[in-house]
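# Observations on the three-dimensional arrangement
The chain contents come next:
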Amino acid sequence: AGWVAHRAAPSARARVVLGLFALSIPLSALWRWQLEVQDLNPLFTYSFWLPGFLVCFLGGAAVSHVLQADRAGLARSRMLRWLGGKRPWVLVGLAVVVLAIGNSRLGGPWDYVPATFAERQIRFTCVTVLALLLLVGAALGTERSPVTRFMSMRWLVAMGRWSYSIYLWHLPVIVLLAPHVARDGVD
């Protein structure tokens, strides 16, 4: 993305990079769909690989890129500034709506019943949009905004510090311990 943007005119660089970021949406969707079609149950870790979550990583990078382009005078991020800084309660309202959709029946059953592919994708989309909304609120919010106050709570900051290391270790631990743990009713 950087190489392509470097070749473009300065006024078009932000749009070129954002266009490349937008490619992550079909790439992630295609990866998730391919895993569903192939039914790779013995190789379940494929669903945790980067292509399935590329849209999440590049969505956060796109928000950062837009803010940096705005600071450099290359692009205007009026919508993000309005949403994150000037109207924080609109952002909170959107976050609640996205959270409600993801946790509704659209996002899958409430019981321990396997969700369909479409239900899992609705939930994944809602979680990704929720994370990006919170990122915009944290990056652009004032000290008094509700998102900034929520994200700076002591227990939440501590959870953030711990969660990444837990994330890095959980899959290897699952893979190593799975053959040694008895699970009733699961073949």
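Residues numbered from 1 in each chain as written. Predicted model: local features only at pLDDT ≥ 70, side-chain atom pairs only at ≥ 80, totals over all residues. Heavy atoms only, no water.

## Some thoughts on the environment of F21
Mapped onto the elements, F21 comes out in helix α2 (residues 13-22). Sequence-distant contacts of F21, that is, excluding residues within four places in its chain, are made with L58, A61, A62 and H65. (Helix = DSSP H or I, 4+ residues; strand = E, 2+ residues; numbered from the N terminus. Contact = heavy atoms within 4.5 Å.)

## Quick word on the packing of helix α3 (residues 24-38) against helix α7 (residues 117-140)
In the contact formed by α3 and α7, the axes pass within 11 Å of each other and the chain directions differ by 155°. The orientation of α3 relative to α7 falls into the category roughly antiparallel. Two packed elements cross with a definite hand, and for α3 against α7 that hand is right-handed. Of the residues in α7, those touching α3 at R32, W33 and E36 are F117, R120, Q121 and F124. Here the residues of the contact of α3 with α7 sort into 3 nonpolar, 1 polar and 3 charged. (Axes fitted to C-alpha atoms, helices over the stretch in contact; angles between N-to-C directions. Parallel < 35°, antiparallel > 145°, perpendicular 65-115°, else oblique. Left-handed = near helix turned anticlockwise from the far one by under 90°. Nonpolar A, V, L, I, M, F, W, Y, C, P; charged D, E, K, R; others polar.)

## Thoughts on the nonpolar core
Burial of nonpolar side chains together is a common tendency in soluble globular proteins. Core analysis: the largest hydrophobic core is formed by 8 residues, namely V63, V66, L67, L80, L91, V136, L140 and V147. For this core, the elements supplying multiple residues, two or more each, are α4 (50-72) and α7. When residues in this core are grouped by element, the largest group, 3 residues, is from α4. Excluding residues within four positions of it along the chain, V63 makes contact with L132, L135 and V136. Counting residues in hydrophobic clusters, the runner-up holds 5 residues, among them A95, C126, L130 and L133. (Core = buried A, V, L, I, M, F, W, Y, C linked by side-chain atoms within 4.5 Å. Buried < 20%, exposed > 50% of the residue type's maximum accessible area, 1.4 Å probe, protein only.)

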